[in-house]
Amino acid sequence: MCLALPCRIVELRGADQALIDVAGVGKEISLALVEDVAVGDYVIVHVGYALTRLDPEEAEKTLALFAELGAAALQEATRGVA
C-alpha cells in the first residue's frame, strides 16, 4: 500500500530541496517534480518527493481526517485494556 501525505513547506533549501512539517516533525524532501512552490504551501509528499501542490483548505480537511482516524484507532486499540 502506498500513502502520500499533505505536508506544509516550512523552508526552501537549495538544489530543489525543502523542509516540510509532518505532524510537528521536520523532514527534507525533493521539489524536483513540482514548480513554483513557496513557504507555506501544502504539497502531497510520497517517498520523499513532493508530487503536486494542494489547496490549503483541502490539505487541512485531509489532515483533520487523518487525525480523527488515528484517534479512533488508538481508542479501539486501548478498549478493554486496564
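Here we summarise the structure given alongside this text. Model, not experiment: these values are computed from the prediction. (Residues numbered from 1 in each chain as written. Predicted model: local features only at pLDDT ≥ 70, side-chain atom pairs only at ≥ 80, totals over all residues. Heavy atoms only, no water.)

1. Notes on the overall build of the protein chain
Scanning the protein chain from N- to C-terminus turns up one helix and five strands. Secondary structure elements of the protein chain occur, N-terminal to C-terminal, as β-β-β-β-β-α. Computed over the C-alpha atoms, the radius of gyration of the protein chain is 15 Å, more than 25% above the 12 Å expected from 2.2 N^0.38 for a compact globule of 82 residues. Taken along the three principal axes of its C-alpha coordinates, the protein chain extends 50 × 25 × 20 Å. The burial tally for the protein chain puts 22% of its 82 residues in the buried class. Expressed as a percentage of contacts within the protein chain between residues at least 6 apart in sequence, the contacts between residues at least 24 apart total 33%. Roughly 5700 Å² of accessible area belongs to the protein chain as shown, and the carbon and sulfur atoms make up 57% of that amount. (Helix = DSSP H or I, 4+ residues; strand = E, 2+ residues; numbered from the N terminus. Rg over C-alpha atoms; globule rule 2.2 N^0.38 Å. Buried < 20%, exposed > 50% of the residue type's maximum accessible area, 1.4 Å probe, protein only. Contact = heavy atoms within 4.5 Å. Areas by Shrake-Rupley, 256 points an atom, 1.4 Å probe, with all protein chains shown as cover.)

2. A word on the nonpolar core
Grouped together as the largest cluster of nonpolar side chains are 11 residues: Cys 7, Ile 9, Ala 18, Ile 20, Ile 29, Leu 31, Val 34, Val 37, Val 43, Val 45 and Ala 50. Elements with a contribution of two residues or more to this core: strand E1 (5-13), strand E2 (17-22) and strand E4 (42-46). (Core = buried A, V, L, I, M, F, W, Y, C linked by side-chain atoms within 4.5 Å.)

3. What about the pairing of strand E3 (residues 25-30)?
Two elements, E2 and E3, share six bridges in a ladder whose sense is antiparallel. Looking at E3, one finds that Val 22 is bridged to Val 25. Linkage of E2 to E3, two consecutive antiparallel strands, is achieved through a turn of two residues, within which Ala 23 is found at a positive phi near 55°. (Pairing = 2+ DSSP bridges.)

4. Some points on the pairing of E1
The pairing of E1 with E4 spans four bridges and is classified as antiparallel. Bridge pairing in E4 links Cys 7 to Val 43. Both E1 and E2 contribute to a ladder of five bridges, which runs antiparallel. Paired with Arg 8 across the strands is Asp 21, a residue of E2. Between E1 and E2, which pair antiparallel one after the other, the connecting turn spans three residues, and Ala 15 there sits at a positive phi close to 55°.

5. Points about the environment of Ile 44
Inspection of the secondary structure puts Ile 44 in strand E4. The buried category is assigned to Ile 44, whose relative accessible area is 18%. Remark: the alpha-carbon pair of Ile 44 and Lys 61, spanning 17 residues in sequence, is separated by 13 Å. Discounting residues that sit within four places of it in the chain, Ile 44 has contacts with Ala 4, Leu 5, Pro 6, Tyr 49, Ala 50, Leu 51, Thr 52 and Leu 54.

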